[in-house]
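As a plain string of letters, each chain reads:
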Amino acid sequence: MFEISACAWCLTTPAPESAQRLKAAGFDLVDLRPDCWTGIRDRAHLGELGLQISCAGITPVTLAPGLSLDTLATPDAGRALPYYIGALQRAAALGAKWAYMVTPVQRVGTSPAYLRSVARLADEAATVGLKLCVEPHPGRALSNYSEVMRFLDAAGAANLYALLDLGHMPLVGEDIPATVRMLGERIGYVHVDDNDGKTDRHFGLLEGAIKPAALYAFLDALAATPYRGPLAIELNKGLPNPVSSLVASRDFLAGLTGLRG
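Residues numbered from 1 in each chain as written. Predicted model: local features only at pLDDT ≥ 70, side-chain atom pairs only at ≥ 80, totals over all residues. Heavy atoms only, no water.

**Here we look at the sheet that holds strand β8 (residues 231-233)**
In a beta sheet, neighbouring strands are held together by backbone hydrogen bonds and run either parallel or antiparallel to one another. Heads up, the condition is: Each pair of strands is called paired provided DSSP finds at least two bridges between the two strands. Counting from the N terminus, the helices are DSSP H or I runs at least four residues long and the strands are E runs at least two residues long. Axis lines are fitted through C-alpha atoms, for helices just across the contact stretch, and the angle between N-to-C directions can take any value from 0 to 180 degrees. Note on contacts: a residue pair qualifies if any of its non-hydrogen atoms lie within 4.5 Å across the two residues.
With parallel pairing, 8 strands are arranged side by side around a closed barrel as β1-β2-β3-β4-β5-β6-β7-β8. Each neighbouring strand pair of the sheet contributes to a mean axis angle of 30°, computed without reference to strand direction. With 3 bridges connecting them, strand β1 (residues 4-7) and strand β2 (residues 29-32) associate as parallel partners. When the bridges of β2 are listed, S5 appears paired with L29. Across the face of the sheet, helix α4 (residues 112-127) comes into contact with β4 (98-102), β5 (131-135) and β6 (160-165) while running at roughly 145° to β5.

Structural data, given as structure tokens:
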């Protein structure tokens, strides 16, 4: 039912080498973002490395002096938007179908400027054939999925969805299957990871506080939604052996009915 992708930012090697390592580990799909796609020219080059891109993160690594992630939520947003639009274009050139962005650090997620910025990016994503997702994060502008749902409604953009991250929900006290059901057709992409139950550590599955029963409930709830995109394994590059954790997480998922690597 679901394909499985590997988020390449858990590796610290140059992008082409990381792609080769992931292919050797048995992955066919990869997620990329600006901090791990330098050195990969285009879709054809990625294909030569044996991979296809699934989703791309578009949050810039660097911005011009005086700009930050929070700029999208200010009247000066127009100066930051080109960085995100450029990342969308780059993601499309690599062959991605989905893109996602994190939210500002400051709790300004409902500011009119931020709503306009994200709606504009959703429209830009549509022009290059990408579905744009917003990812909440504990402590950021949008910290949970109830806030994301309100944000999506307020933005009113047809091409804007939620990125569902398995590991985030327990950290903010959200019931996993209930949250999946609440999001329903607004789910645009999915990250899977584990943590210690206190901070967003991005462990491999079954390496932290999330128990098998919670994973089964998550997958059952997800299967009941319209979402049929990949499950992207997102791990911390500080893990002792991130490739082994990726493989173990993939094999656990692939061993469940309806999942394939």
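**Here we look at the pairing of β1**
Heads up, the rule is: The buried label goes to any residue with under 20% of its type's maximum accessible area, the exposed label to any with over 50%, and the partly exposed label to all in between, with areas taken from a 1.4 Å probe on protein chains only. Clockwise travel from the first strand over the helix to the second, with the strands pointing away from the viewer, marks a crossover as right-handed.
Residue alternation in β1 divides its side chains into two sets, I4 and A6 and S5 and C7, and both sets are buried. In terms of handedness, the path from β1 via helix α1 (residues 15-24) over to β2 forms a crossover that is right-handed.

**Observations regarding the packing of aromatic side chains**
Selection rule: Any two of the Phe, Tyr and Trp rings considered here, Trp counted by its six-membered ring, make a pair once their centres fall within 6.5 Å; the pair's planes then place it as stacked at under 30 degrees, edge-to-face at over 60, or tilted in between. Criterion for a charge above a ring: Lys NZ or Arg CZ within 6 Å of the ring centre, and within 35 degrees of the ring normal.
Counted under the stated rule, the structure contains 5 aromatic pairs. With a centroid separation of 6.3 Å and an interplanar angle of 45°, the aromatic rings of W9 and Y100 are classed as tilted. On the criterion of sequence distance, the pair formed by W9 in the loop between β1 and α1 and Y100 in strand β4 is long-range, its members being 91 residues apart. Its relative accessible area of 6% is what places W9 among the buried residues. A centroid spacing of 5.4 Å and a plane angle of 45° characterise the contact between Y114 and F151, whose relative ring orientation is tilted. Residue Y114 is located in helix α4, and its partner F151 is located in helix α5 (residues 145-155); the two are separated by 37 residues in the primary sequence. Pair check on accessibility: Y114 and F151 agree, each one buried. Here K131 stacks its cationic end above the ring of Y161, 4.6 Å away from the centre of that ring. Positioned over the ring face of F27 is R250, at 4.7 Å from the centre of the ring.

**Focus: helix α3 (residues 77-94)**
Think of an α-helix as 3.6 residues a turn; residues three or four steps apart then line up on the same face. Worth spelling out the cut-off: Expected helix span is given by 1.5 Å per residue-to-residue step, counting one fewer step than there are residues.
Between its first and last C-alpha, α3 extends 26 Å over 18 residues, near the 26 Å set by a 1.5 Å rise per residue. Along α3, the residues classified as buried are A77, A80, L81, Y84, I85, A87, L88, A91, A92 and L94. Close packing links the buried residues of α3 with β2, α2 (43-48), β3 (52-57), β4, α4 and β5. Backbone geometry just downstream of α3 places G95 in the positive-phi region, at approximately 100°.

**Looking at the side chain of T179**
Let me state the cut-off plainly: Think of a polar contact as two N or O atoms within 3.5 Å of one another; within protein, one of them needs to be a possible hydrogen donor and the other a possible acceptor, and neighboring residues in sequence only count if both atoms come from side chains.
Note on placement: T179 falls in helix α7 (residues 176-183). Within the local environment of T179, its side chain forms a polar contact with the backbone oxygen of D175, the two atoms lying 2.6 Å apart. T179 has contacts with Y145, M169 and E174, leaving out every residue within four places of it along the chain.

**Focus: the pattern of salt bridges**
Convention followed: Any Lys or Arg side-chain nitrogen found within 4 Å of a carboxyl oxygen on Asp or Glu counts as a salt bridge.
In total, this model carries 8 salt bridges according to the counting rule given. The salt bridge partner of D76 is R79, with a shortest N-O separation of 2.9 Å. Classification of D76 as partly exposed rests on a relative accessible area of 32%.

**Some words on the nonpolar core**
Threshold: We call a set of buried residues a nonpolar core when its members are Ala, Val, Leu, Ile, Met, Phe, Trp, Tyr or Cys and they connect through side-chain atoms within 4.5 Å of each other.
Of all hydrophobic cores here, the largest spans 95 residues; its most connected members are L32, M101, L132, L160, L164, F218 and L222. At 9 residues, the largest contribution of residues to this core is made by α3. With near-sequence residues (within four places) excluded, L164 lies in contact with Y145, M169, V180, L183, I187, Y189, V190, H191, F218 and L222.

**Here we look at helix α9 (residues 242-254)**
For α9, which comprises 13 residues, the first-to-last C-alpha distance of 18 Å matches the rise-based estimate of 18 Å (1.5 Å per residue) to within 8%. What α9 keeps buried is the set P242, V243, S245, L246, S249, R250, F252 and L253. Along its buried surface, α9 packs onto β1, α1, β7 (187-192), α8 (212-223) and β8.

**Things to note about the packing of α7 against α8**
Where we set the bar: Put simply, angles under 35 degrees are roughly parallel, angles over 145 are roughly antiparallel, angles from 65 to 115 are roughly perpendicular, and the rest are oblique. The hand of a helix crossing depends on one turn: near helix anticlockwise from the far one by less than a right angle means left-handed, and clockwise means right-handed.
Between α7 and α8, the shortest axis-to-axis distance is 8 Å and the interhelical angle comes to 15°. Here α8 runs roughly parallel to α7, going by the angle between their axes. For the crossing formed where α7 meets α8, the hand is right-handed. Every residue of α8 that contacts α7 at I176, P177, V180 and R181 is listed here: A214, A217, F218, A221 and L222.

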